[in-house]
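Listed below are the residues making up each chain.
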Amino acid sequence: KYSEVIGDGVATAIGVTHNLGSRSVIVSVHDASTYEEVECDVVKTTTNEITLTFETAPASMSYVCTVIG
C-alpha cells in the first residue's frame, strides 16, 4: 500500500509514483479534510506510476491518493 497527499492548485493531471511494481492496483482518492471520495480519471501509466486527471485542479495538499497492489 502507498499513500500520498496531492494537489497544488494548478495541475489537473498529477502523477503518483507508488513503486509497487504492478499495474494491477486499486486506486482511491479522498478529500483530506472531509474524507469524501473524489472522482477522477485514473491511468495506470507504468508498473510504478499512475496518473490522476481532475476536471479542476485540486487545491494545495487537499486530496489523499491511496494505491493498493
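Above this note sits the structure.
In this text, all values refer to a predicted model and were calculated from it rather than measured experimentally.

Visitor: I'm lost on the sheet that holds strand β3 (residues 26-31) in this one. Help?
Guide: Backbone-to-backbone hydrogen bonds join strands into a sheet, with any given pair of strands oriented parallel or antiparallel. Across the sheet, 3 strands lie side by side as β1-β6-β3; this open sheet has antiparallel pairing. Because the sheet does not close on itself, it has two edges, and the strands there are β1 (2-6) and β3. Within this sheet the neighbouring strands show an average axis-to-axis angle of 20°, counted without direction. In this sheet, strand β6 (residues 63-68) lies alongside β3 in antiparallel orientation, the contact comprising 6 bridges. The residue of β6 that forms the bridge with Asp31 is Tyr63.

Visitor: For this particular structure, what's the right way to read the sheet that holds strand β5 (residues 49-53)?
Guide: One open sheet holds the 3 strands; their spatial order is β2-β5-β4, and the pairing between them is antiparallel. The outermost strands of the open sheet, each flanked by one partner alone, are β2 (13-17) and β4 (41-43). With strand direction ignored, the average angle separating the axes of adjacent strands in the sheet is 20°. Pairing geometry for β4 and β5, over 3 bridges, is antiparallel.

Visitor: Where do I start with the pairing of β5 in this structure?
Guide: Successive side chains on a regular strand alternate, one facing one side of the sheet and the next facing the other. Burial along β5 is one-sided: the face carrying Ile50 and Leu52 is buried and the face carrying Glu49, Thr51 and Thr53 is not. Of the pairings in the sheet, the one linking β2 to β5 comprises 5 bridges and is antiparallel in character. Bridging from a neighbouring strand, Thr17 pairs with Glu49 of β5. Two successive antiparallel strands, β4 and β5, enclose a turn made up of 5 residues.

Calculation notes
- Residues numbered from 1 in each chain as written.
- Predicted model: local features only at pLDDT ≥ 70, side-chain atom pairs only at ≥ 80, totals over all residues.
- Heavy atoms only, no water.
- Pairing = 2+ DSSP bridges.
- Helix = DSSP H or I, 4+ residues; strand = E, 2+ residues; numbered from the N terminus.
- Axes fitted to C-alpha atoms, helices over the stretch in contact; angles between N-to-C directions.
- Buried < 20%, exposed > 50% of the residue type's maximum accessible area, 1.4 Å probe, protein only.

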